[in-house]
Amino acid sequence: MRVPIRISFFPLVLVASLLAGCDDNDSPSPDSPPEDQINTMTLEEVGNTTLLVSMDFDNPPSGSKLDPNNIGKKYPAKVTLNSNNTLYENNNAIHKFTADDNILIEDVNLSEYRTLSFRVKFDNQQPEDYSNIIDGSHFGGRSREPALVLNGKGEIELWRKWFNSSTPNNDQPVKLLGGIKPQKDEWLSITLTNDLHGSVLYIDGKKIAEGLPINLASNQLSFGAGITGDVEPLGSANFYIDDIRIYSGVLTEPYIALLAQENKRTLSAYSPSPSHQIKNVPFENLTLKWQQGNEFKNNNSLYRVEIAEDETFNHVINEFSTTENSIDIGQLQPEQDYFWRVTVSDGTSTIQGPAWQFSTARDVDYSTLPEQITVMSYNIWHAGSQASPESGQEYIYEQIINSNVDVLLMQESYGYQAALAERLGFYLKTADAENNLTVLSRFPIASDLVQCDSGLCGVRLSMPENREMDVYSVWLSASSGGGDVTNPVSDPKYTNKELIAMDQGRADTLSAYMTKALNEANTNLRPVIIAGDLNTYSHQDFTAETNYYDRGAIDWPTSLAAENLGFLDSYREVKPDPVTNACKTWTPYFKGNPSQGRIDFIFYSGNQISPSEAYCLLADGHPVLQASDHGAIITGFDILKKQWPELNQ
């Protein structure tokens with residue numbers, strides 16, 4: 001029987017100070033036939049993005065980042081317009097920016113996967129030196145932020161960092177794009193995309209230039225004058241602006257081309273849930289969801305959903321029509337591949353979306369001891385909502401089911417744990433509804449082992465066939481003891497000896513946790529698993545062969561403390577070579593971060609279980625987006641039943 005779970009609800013916040021307006025558009029009925037034939041779009045053409053913030057000056061700002069559709073820590077964006085130059089063109093509100101004018105958007109998600117889009121009209125007269133179009137900041141400091149500027153020749157340039165920026169390192173600014181001469185005194189649609197592979201600039205829907213990635217980590221963006229930080233900001237170029245949009249993810253070229261059109265036609269549905277090729281999807285009470293850009297959606301959009309057992313849809317098993325962005329489809333068969341697609345009609349055009357595929361889970365009897373259990377340790381980054389406020393928690397959930405996890409030891413839960421447990425059908429232990437640490441388990445919780453707090457949370461699980469297992473979720477602060485080592489490790493001004501001394505405080509804390517766990521467990525009867533975000537590295541990873549940051553071998557105290565107490569690093573037990581299997585869980589999301597390495601671990605003690613499979617979910621850990629700044633680490637433990645005594649023996 002599943003334990004009841006209390007779910008807390010949190011108010012949504014909208015922070016803005018702009019006047020509201022509305023536009024009335026007459027649209028045909030959703031039942032009216034399309035005027036042209038059905039068009040189709042491929043997976044590559046559709047993509048997966050989320051509109052975070054939208055500004056058109058006629059209406060209040062909108063988007064998922066202003067009114068996040070998630071549970072837990074939402075961190076809503078704040079929009080501040082620092083300009084009194086409101087003008088009207090064809091009854092459409094626009095703004096003119098000069099000198100110190102700007103629109104500042106704060107608490108945008110930290111991301112290296114982003115699209116910025118806006119309409120702009122440059123004045124014929126511009127400052128003689130560099131002036132700003134878009135500027136970024138990382139919590140008020142300048143680091144690897146984008147700087148889209150206009151030079152003295154009237155050419156657009158894109159820079160990674162700006163001059164005299166010093167955080168988080170002393171890398172020099174890099175010009176990524178340049179020599180782009182925009183037309184003056186006419187409206188242009190400009191779109192800038194960035195991901196780990198590069199940055200691309202589009203004007204009026206056409207690709208104009210591409211270059212190296214920005215490696216941005218901006219949570220603040222300014223259109224117009226630059227942001228005051230650790231450098232003197234540039235003044236704004238002289239331009240009119242409208243239709244500002246910030247997206248999580250990279251828009252596809254068909255999407256960008258449609259944005260540039262004055263009379264926008266409909267766009268295919270995108271961002272499916274379940275995501276394409278996700279496995280172990282529940283076969284009961286399933287709801288299919290999708291998105292469609294608000295820029296292309298009208299009140300008459302009609303969606304036709306088809307579900308089939310083959311990719312060609314020759315065998316459609318069900319079909320639905322709805323005006324909503326979701327549909328409940330009830331029960332499916334276990335262990336079955338399914339294909340589905342959404343056709344969008346708005347009365348003027350019809351777009352058939354791509355074929356998405358998912359696989360349903362097995363129907364498993366968990367009353368008997370399984371041959372293997374799968375354990376995941378995952379810091380999900382501020383309730384899983386930071387990377388994508390609308391879809392991030394969905395992607396975290398999909399990573400869990402796709403890996404068929406039995407026990408999840410989670411950090412940075414911050415309010416998502418109850419909803420996640422409810423959806424997984426798992427038992428839950430956490431200190432409170434918004435606490436950091438969580439234990440979620442397919443198996444019932446027999447008893448608490450500690451008073452859960454922000455550092456340690458542990459329970460005893462009641463396993464099938466009268467057996468027990470102790471599991472703990474742990475988090476060691478980056479600032480504890482002698483201070484952070486995860487980021488300074490790449491800085492040559494710190495010696496190995498200094499880094500070891502800085503790590504000693506975490507080692508002492510983990511040693512105390514593990515000693516307590518061993519005293520509680522009696523490992524002759526039950527195994528112990530301690531897993532989490534340790535905010536430090538391993539002596540098994542920093543070797544003479546890996547030679548990270550030219551440091552050679554480092555005896556990191558925290559990982560050595562675990563080893564000295566008899567705990568084994570399950571990942572290194574399965575994959576002992578750190579050269580070929582680095583598993584750098586810090587940080588797959590920010591590839592531009594100068595320090596990278598494995599800081600998340602699954603340790604175990606006891607001969608009742610043996611790791612046989614281990615892997616990490618990194619930058620490619622989800623088909624759409626790695627939704628955390630940490631990678632997840634997963635271990636499959638074989639059950640050694642003969643060495644695991646029943647409790648009554």
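Along every chain, residues carry numbers that run from 1 in the direction the sequence is written. The predicted nature of this model means local features are confined to residues of pLDDT at least 70 and side-chain atom pairs, given and counted, to a pLDDT of 80 or more, with totals for whole chains, interfaces and linings taken over all residues. Excluded from the side-chain calculation are hydrogens and water; included are all heavy atoms of the structure.

1. Notes on a negative patch on the surface
Applied cut-off: The patches described consist of residues with a relative accessible area above 30% and no salt bridge, like charges being joined within 9 Å and nonpolar side chains (Val, Leu, Ile, Met, Phe, Trp, Tyr) within 5 Å. The accessible surface values rely on the Shrake-Rupley method and a 1.4 Å probe; as for residues, cover is taken only from the protein chains in view. Salt bridges are defined by distance alone: a side-chain nitrogen of Lys or Arg within 4 Å of a carboxyl oxygen of Asp or Glu. In this tally, Lys and Arg are treated as positive and Asp and Glu as negative; His is ignored, and so are the chain termini. Throughout, a charge is located at the NZ atom of Lys, the CZ atom of Arg, the CG atom of Asp or the CD atom of Glu. Helix and strand definitions here come from DSSP, where helices need a minimum of 4 consecutive H or I residues and strands a minimum of 2 consecutive E residues; each element is numbered from the N-terminal end. Working definition: with a 1.4 Å probe on protein chains only, accessible area under 20% of the residue-type maximum means buried, over 50% means exposed, and in between means partly exposed.
There is a patch of like negative charges on the surface, built from E284, E335, D363 and D365. On the secondary structure map, E335 appears in the loop between β22 (326-330) and β23 (337-345). Since its relative accessible area comes to 57%, E335 is described here as exposed.

2. A short note on the sheet that holds strand β28 (residues 427-430)
What counts, and what does not: What makes two strands pair is DSSP finding at least two bridges between them. Orientation is described by axes fitted as lines to C-alpha atoms, over the contacting stretch for helices, and by angles from 0 to 180 degrees between their N-to-C directions.
Overall, mixed pairing links the six strands, which are arranged β28-β29-β27-β26-β37-β36 in an open sheet. Bordering the open sheet on either side are β28 and β36 (609-617), each of which pairs with just one other strand. Along the sheet, successive strands turn relative to each other by an average axial angle of 15°, direction set aside. Pairing between β28 and strand β29 (residues 438-441): four bridges, direction antiparallel. From the neighbouring strand, T430 faces β29, where its bridge partner is T438.

3. What to know about the environment of A257
Structurally, the position occupied by A257 is in helix α2 (residues 253-260). Residue classification places A257 among the partly exposed positions, given a relative accessible area of 28%. Expressed as a C-alpha distance, the spacing of A257 and E412, which sit 155 residues apart in the sequence, is 39 Å.

4. Describing the state of the cysteines
Defined as follows: In this description, a disulfide is simply a cysteine sulfur pair whose atoms lie within 2.5 Å.
What the rule picks out here adds up to two disulfides. Each disulfide pairs two cysteine sulfurs, and for C583 the partner residue is C616, the sulfurs being separated by 1.7 Å. As the torsion about the S-S bond is roughly -90°, the C583-C616 disulfide counts as left-handed. In this pair, C583 is assigned in the loop between α7 (570-574) and β35 (600-605) and C616 in strand β36, connecting sequence segments 33 residues apart. Residue C616 is classed as buried on the basis of its relative accessible area of 17%.

5. Digging into helix α5 (residues 496-521)
Spelled out, the test is: To estimate the expected span of a helix, subtract one from its residue number and multiply by 1.5 Å. By definition, a residue's bend is the angle between the axes fitted to the seven residues ending there and the seven starting there. Contact criterion: two residues are considered in contact whenever any of their non-hydrogen atoms come within 4.5 Å of each other.
Compared with an ideal rise of 1.5 Å per residue, which puts 26 residues at 38 Å, α5 spans 36 Å between its outermost C-alpha atoms and is within 8% of the ideal. At Q504, α5 is deflected by roughly 35°, the largest bend along its length. Residues of α5 that are buried make contact with β31 (456-463), β32 (467-475), β33 (528-533), α6 (557-564) and β35.

6. Here we look at α2
One turn of the α-helix equals 3.6 residues, which is why residues spaced by three or four share an orientation. Stated formally: Arc definition: directions from the helix axis to the C-beta atoms.
Buried within α2 are the following residues: Y255, I256, L258 and L259. Around the axis of α2, the buried residues are gathered within 160° of arc, so they sit on the same side. Residues of α2 that are buried in the fold lie against β7 (114-122), β12 (188-194), β13 (199-203), β16 (236-248) and β17 (270-273).

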